[in-house]
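Now for the letters of each chain:
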Amino acid sequence: MTPEPLVNQGTSFHADWLDGIRVNKSAVERRTASLGGRRAVKKDSQIAFMLKAVSCIDLTTLAGDDTPGRVRRLCLKARNPVRRDILAKFGMEDMGLTTGAVCVYHSMVPEANETLKGSVPIAAVSTGFPAGLAPMETRLEEIRRSVEAGANEIDIVVTRAHVLTGNWQALYDEVKAFKAACGPALMKTILATGEHGNLTQVGKASMTAMMAGSDFIKTSTGMEGVNATLPVSLVMIRQIRDFFQKTGIKVGYKPAGGIKTAKDAVAYLTLIKEELGTDWLSPDLFRFGASSLLGDLERQLEYHATGGYSASYRHAMG
Ligand SMILES: O=C[C@H](O)COP(=O)(O)O
């Protein structure tokens, strides 16, 4: 069954919460530099992290040539993301492991709904994805139609010009309007951080998006020149921590774009655990936006289960 989402009702706009945000780029890079290469994660923890990572994937297809058939295959994979014989080696074959959601364009929501029938949440990218430059009324209507078509979650994109001109009030108003259009659906706000210019802007945009009611903040569409990185993630999750300390509201985090390997996934989960704690190691509060990560996770899990890899065509989807 699709879980009930956590909901952030937002706060009023506090300009003073943004005034103190200053990010020291070299300190952030030093903090994240060692994460990818750590050998400290023991084999059992690696397996646990990889299974956790599978459960936190928004299994994504966002291509101009998407077809109903591709979306159906994606949904079937989301429902059974790891082969049963591999899961059996870890005693996990009856745990009902699924991905966190599937993530598709608005036009593919009916196909996903038909295939999944509530077994895995459906996220739709709406609001003129990926540039987010359609007229406001069109973007609002796209959200409403995605929800009507069966989307449980809406990934919105913001107007980057509001970030680049420091117009935080306009960003707040825009995200708040999107939130109202989402109704009961969980809202993930894509900030497109690769287009923000610097990490201080990323920090301010993150805080503004949370004040306006985002249930998750998400790095990227996957289509910017630079997508998810560990330094950007550290900045965003420290704002999540700060927002939680100010309001008691837990906002989720979704790095997206270019996350392809099990090793990448373990580095992100390690960062989340160290900075936000184990509460955030759950699909309610953490997702990977990824089209190909699942293939490598399944391959590495098979390696741990059997001591060898099978041909990559056996893990072709995801
Ligand atoms: O939100 C998800 C991204 O579009 C997926 O990006 P990716 O294809 O690099 O994994």
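Residues numbered from 1 in each chain as written. Predicted model: local features only at pLDDT ≥ 70, side-chain atom pairs only at ≥ 80, totals over all residues. Heavy atoms only, no water.

- By the naming in an unreviewed UniProt entry, the chain goes by Deoxyribose-phosphate aldolase and is assigned to Kordiimonas lacus.
- For the chain, the Catalytic activity (unreviewed entry) comment in UniProt is given as "2-deoxy-D-ribose 5-phosphate = D-glyceraldehyde 3-phosphate + acetaldehyde".
- UniProt, in the comment section headed Sequence similarities (unreviewed entry), describes the chain in these words: "Belongs to the DeoC/FbaB aldolase family. DeoC type 2 subfamily." (UniProt positions renumbered as here; feature names shortened; annotations may be inferred.)

### Focus: the confidence of the model for the chain
- Of the residues in the chain, 94% reach a pLDDT of 70 or more, and the chain-wide mean stands at 94.
- Two summary scores accompany this predicted model of the complex, namely pTM at 0.94 and ipTM at 0.97. (pLDDT = per-residue confidence, 0-100.)

### A short note on helix H3 (residues 43-55)
- The terminal C-alpha atoms of H3, which comprises 13 residues, lie 19 Å apart, in line with the 18 Å expected from a rise of 1.5 Å per residue.
- Looking only at H3, the buried set comprises Ile47, Phe49, Met50, Leu51, Ala53, Val54 and Ser55.
- Each element contacted by the buried residues of H3 is listed here: strand E1 (57-60), helix H5 (84-89), helix H12 (262-276), strand E8 (288-290) and helix H13 (293-306). (Helix = DSSP H or I, 4+ residues; strand = E, 2+ residues; numbered from the N terminus. Expected span 1.5 Å × (residues − 1). Buried < 20%, exposed > 50% of the residue type's maximum accessible area, 1.4 Å probe, protein only. Contact = heavy atoms within 4.5 Å.)

### Focus: the packing of helix H9 (residues 168-182) against helix H10 (residues 199-211)
- Viewed as axis vectors pointing N to C, H9 and H10 meet at an angle of 40 degrees, and their least axial separation amounts to 8 Å. It follows from the interaxial angle that H9 and H10 lie oblique. In the crossing of H9 with H10, the sense of the turn from one axis to the other is right-handed. In this structure, H9 contributes Trp168, Leu171, Tyr172 and Val175 to the contact, and H10 contributes Gln201, Lys204, Ala205, Thr208, Ala209 and Met211.
- Tallied by class, the residues present in the contact of H9 with H10 amount to 7 nonpolar, 2 polar and 1 charged. (Axes fitted to C-alpha atoms, helices over the stretch in contact; angles between N-to-C directions. Parallel < 35°, antiparallel > 145°, perpendicular 65-115°, else oblique. Left-handed = near helix turned anticlockwise from the far one by under 90°. Nonpolar A, V, L, I, M, F, W, Y, C, P; charged D, E, K, R; others polar.)

### A look at the site of the ligand
- Residues in close proximity to the ligand include Thr60, Leu62, Lys218, Thr221, Gly222, Ala256, Gly257, Gly258, Lys260, Gly289, Ala290 and Ser291, which together make up its full environment.
- Within the backbone of Gly258, a nitrogen or oxygen atom sits 2.8 Å from an oxygen atom of the ligand.
- Take Ser291: an N or O atom from its side chain is 2.5 Å from an oxygen atom of the ligand.
- Contact with the protein chains hides 87% of the accessible area of the ligand, taken as 310 Å² for the molecule alone.
- The class makeup of the residues in the shell around the ligand is 3 nonpolar, 7 polar and 2 charged. (Near = heavy atom within 4 Å. Polar contact = N/O pair within 3.5 Å; in protein donor to acceptor, adjacent residues only side chain to side chain. Areas by Shrake-Rupley, 256 points an atom, 1.4 Å probe, with all protein chains shown as cover.)

### Observations concerning the sheet that holds strand E6 (residues 216-218)
- Reading across from one edge, E7-E6-E5-E4-E3-E2-E1-E8 is the order of the 8 strands in this open sheet, with parallel pairing throughout. Each of the sheet's edge strands pairs with one partner strand only, and the pair in question is strand E7 (252-254) and E8. Put simply, the sheet's adjacent strands are angled 25 degrees from each other on average, direction ignored.
- Of the pairings in the sheet, the one linking strand E3 (residues 122-125) to strand E4 (residues 153-157) comprises 3 bridges and is parallel in character. Each bridged residue has a counterpart across the sheet, and for Ala124 the counterpart in E4 is Ile154. (Pairing = 2+ DSSP bridges.)

### A few points about the pattern of salt bridges
- For the structure shown, the criterion picks out 30 salt bridges.
- Residue Lys188 pairs with Asp155 through a salt bridge whose shortest N-O separation is 3.0 Å. Highlighted residues: Lys188 in strand E5 (residues 186-190) and Asp155 in strand E4, separated in sequence by 33 residues. Each member of the pair Lys188 and Asp155 is classed as buried.
- Between Asp155 and Lys254 there is a salt bridge, and its shortest N-O distance comes to 2.8 Å. Of the two residues, Asp155 is situated in strand E4 and Lys254 in strand E7; the sequence distance between them amounts to 99 residues.
- On the accessibility criterion, Asp155 (0% relative accessible area) is buried. (Salt bridge = Lys/Arg side-chain N within 4 Å of Asp/Glu carboxyl O.)

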